[in-house]
Amino acid sequence: MLPALAAVAAACASVALLIFSGTGASAAVAPVGLGTAANFSVLAGSTVTNTGPSFLGQSLGVSPGNTAPGFPPGIVAGEIHLGDAVALQAKNDLTTAYNNAAGRTPFTNLPAELGGSTLTPGVYRIGAAQLTGTLTLNSQGDPAAVFIFQIDSTLITASNSSVVFINGASPCNVYWQVGSSATIGTGTRFVGNILAQTSITMNTGATLQGRALAQTGAVTLDTNTITAPLCLQPTGTPTNTPTGTPTGTPTSTPTGQPTGTPTGQPTGSPTGGPTGQPTGTPTGFPTPSHSELPVTGGSGGSALVPVLTGLSSIAIAVGATLLLLFRRRTSES
């Protein structure tokens, strides 16, 4: 009995070790909602300063401050909101997102140095984060995979460091919640949404596919490019759903109905009606009777017939009498 209990306890301990330690978290993690802060490439509390031809793919905002020197030469593809209601709303949404990311559990503890690591989706806790070299994020084939980094104090990257993806992760689902300030080193290629409590500094030539969002301090730029992070969508779901439904229904309904109805009705009615009626009526009337003599002339022509008949009879009788008298006279002589 005791060996069996010991085996069960060992198995439970192994499962717990896999869940709460290592380099990955097993449970699916939901994205952090940024609200209107998602419309901004740079958002600061006090000011935004820029040197050189920096480019921001989305909007720039400052609140409660209202200054952003260095634009131009810096270019903002979106809008500039300095101390207005739009910037204030974005700052409030940033605070909500920051608190959301900071409170996510369970998390996996990581050492300070992130360079050379390959991480799977999950929530990670770091005291003070340092990136030297390359950090690889492996989405394990899920384009909606989420990575949340909870950093107690600072985030600092060395020059020419980078964050790279494998297996289709989305930059928009990477969040760096920084307890104080973040410094992105010269030439670093960084990825994700930086949610800093105080300030963010991007050194010369550093690029960010994401957003630099600072709550209370400043954002400092120097010839940087910040582009909106792309959100990849799963390809399997939309393909299967629309294909099955529309194919079966419309084919059977319209085919059977219109074919049977119009064929049987118009054929029988028009054929029987016009054939029998016009043939019988006009045939019997116009044929004249052969026993009557044709009459020509005006309206009184019909009264001459008996008169002519009577004269013919008289002429015949007179002729017969004269012929008889002629024969008698010839025989007496």
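Whatever comes next refers back to the structure up there.
Each value, and the rule that gives it
Residues numbered from 1 in each chain as written. Predicted model: local features only at pLDDT ≥ 70, side-chain atom pairs only at ≥ 80, totals over all residues. Heavy atoms only, no water. Helix = DSSP H or I, 4+ residues; strand = E, 2+ residues; numbered from the N terminus. Buried < 20%, exposed > 50% of the residue type's maximum accessible area, 1.4 Å probe, protein only. Contact = heavy atoms within 4.5 Å. Disulfide = S-S within 2.5 Å. Core = buried A, V, L, I, M, F, W, Y, C linked by side-chain atoms within 4.5 Å. Expected span 1.5 Å × (residues − 1). Arc of directions from axis to C-beta. Polar contact = N/O pair within 3.5 Å; in protein donor to acceptor, adjacent residues only side chain to side chain. Pairing = 2+ DSSP bridges. Axes fitted to C-alpha atoms, helices over the stretch in contact; angles between N-to-C directions. Phe/Tyr/Trp six-rings, centres within 6.5 Å; stacked < 30°, edge-to-face > 60°.

K.L.:
Before we go on, may I ask you to explain the overall build of the chain in this structure?
P.N.:
Assigned secondary structure in the chain consists of four helices and 21 strands. Every one of the 333 residues in the chain was classed for burial, and the buried ones make up 33%. Considering only residue pairs separated by 6 or more positions, the chain has 52% of its internal contacts joining residues 24 or more positions apart.

K.L.:
What is the right way to look at the state of the cysteines in this model?
P.N.:
One pass over the structure, following the stated rule, counts one disulfide. Here cysteine 172 connects covalently by a disulfide to cysteine 231, the sulfurs 1.9 Å from one another. Here the disulfide of cysteine 172 and cysteine 231 is right-handed, its torsion about the S-S bond being about 130°. A residue pair is termed long-range when its members are at least 10 positions apart, and cysteine 172 in the loop between β14 (162-166) and β15 (174-178) and cysteine 231 in the loop between β21 (225-227) and α3 (236-284) qualify at 59 residues. Judged by its relative accessible area of 45%, cysteine 231 is partly exposed.

K.L.:
Help me understand the nonpolar core in this model?
P.N.:
It is characteristic of soluble globular proteins that their nonpolar side chains tend to be buried jointly. Formed by 43 residues in total, the largest nonpolar core has its most connected members in Val48, Phe149 and Trp176. Of the residues forming this core, the biggest block, four residues, is contributed by strand β17 (residues 189-196). For tryptophan 176, the contacting residues outside a window of four places in its chain are Leu114, Leu135, Phe149, Ile151, Leu155, Val163, Phe190, Val191, Gly192, Asn193, Ile194 and Leu195. Counting residues in each nonpolar core, the second largest holds 16 residues, with Ala90, Ala97, Tyr175 and Leu213 among its members.

K.L.:
Got a minute to help me understand helix α2 (residues 85-102) in this structure?
P.N.:
In an α-helix, one turn spans 3.6 residues, which is why side chains three or four residues apart end up on the same side. Helix length check: α2 (18 residues) gives 26 Å between terminal C-alpha atoms against 26 Å at 1.5 Å per residue, within 8%. Taken as a whole, α2 has its buried residues at Ala87, Ala90, Lys91, Asp93, Leu94, Ala97, Tyr98 and Ala101. The arc enclosing the buried residues of α2, seen along the axis, measures out at 165°, which places them on a common side. Residues of α2 that are exposed and point more than 90 degrees away from the buried face comprise Ala85 and Thr96. Its side-chain oxygen 3.3 Å from the backbone nitrogen of valine 86, aspartate 84 forms the N-cap of α2.

K.L.:
Explain the pairing of β17 here, please?
P.N.:
Side-chain positions along a regular strand alternate between the two faces of the sheet. Here β17 lies mainly inside the structure; seven of its eight residues are buried. Pairing of β15 with β17 involves four bridges; the strand directions are parallel. Bridge assignment links valine 178 to a residue of β17, and that residue is alanine 196. Relative to strand β19 (residues 207-214), β17 runs parallel, the two sharing eight bridges. The partner of phenylalanine 190 across the bridge, within β19, is leucine 208.

K.L.:
In this structure, what is going on with the environment of isoleucine 156? I would like to understand it.
P.N.:
The residue isoleucine 156 is located in strand β13 (residues 155-157) in this model. Between the C-alpha atoms of isoleucine 156 and leucine 131, which are 25 residues apart in sequence, the distance is 6.5 Å. Those residues in contact with isoleucine 156, other than ones at most four positions away along the chain, are Ala129, Gln130, Leu131 and Thr183.

K.L.:
So what exactly am I meant to see when it comes to the side chain of threonine 188 here?
P.N.:
Residue placement: threonine 188 occurs in the loop between β16 (182-184) and β17. Of note is the side chain of threonine 188, whose polar atom sits 3.2 Å from the side chain of threonine 157.

K.L.:
Teacher, can you tell me more about the sheet that holds strand β10 (residues 129-131) here?
P.N.:
Taken together, the six strands give an open sheet; going across it, the order is β2-β20-β18-β16-β13-β10, and neighbouring strands pair in parallel fashion. Each edge of the sheet is formed by a strand with only one pairing partner; in this case those strands are β2 (48-51) and β10. Within this sheet the neighbouring strands show an average axis-to-axis angle of 10°, counted without direction.

K.L.:
Please explain unusual backbone geometry as it appears in this structure.
P.N.:
Excluding glycine, most residues fall at negative phi; most peptide bonds, likewise, are trans. Geometrically, the link from serine 63 to proline 64 is a cis peptide bond, its omega value of 10° lying close to zero. With respect to the helices and strands, proline 64 occurs in the loop between β4 (59-62) and β5 (75-76). The residue after proline 72, namely proline 73, is reached through a cis peptide bond having omega 15°. One can find proline 73 in the loop between β4 and β5. For asparagine 160, which is not glycine, the phi torsion reads 60° and is therefore positive. Structurally, the position occupied by asparagine 160 is in the loop between β13 and β14.

K.L.:
How should the packing of aromatic side chains be read in this particular structure?
P.N.:
Aromatic ring pairs: the centre-centre distance and the angle between the two ring planes describe each pair. Under the criterion given, the structure shown has three aromatic pairs. Pairing tyrosine 124 with phenylalanine 149 gives two aromatic rings, centres 5.7 Å apart and planes at 20°, and the pair type is stacked. Of this pair, tyrosine 124 sits in strand β9 (residues 122-126) while phenylalanine 149 sits in strand β12 (residues 147-151), and the two are 25 residues apart along the sequence. For phenylalanine 149, a relative accessible area of 0% translates into the label buried. Ring centres of phenylalanine 149 and tryptophan 176 lie 4.1 Å apart, and the angle between their planes is 10°; on these two criteria the pair is classed as stacked. Residue phenylalanine 149 is located in strand β12, and its partner tryptophan 176 is located in strand β15; the two are separated by 27 residues in the primary sequence. Given the relative accessible area of 0%, tryptophan 176 is considered buried. Put simply, the rings of Tyr124, Phe149, Trp176 and Phe190 touch in pairs and so form one group of aromatic residues.

So far we have only geometry, and geometry alone does not tell us how the molecule works.
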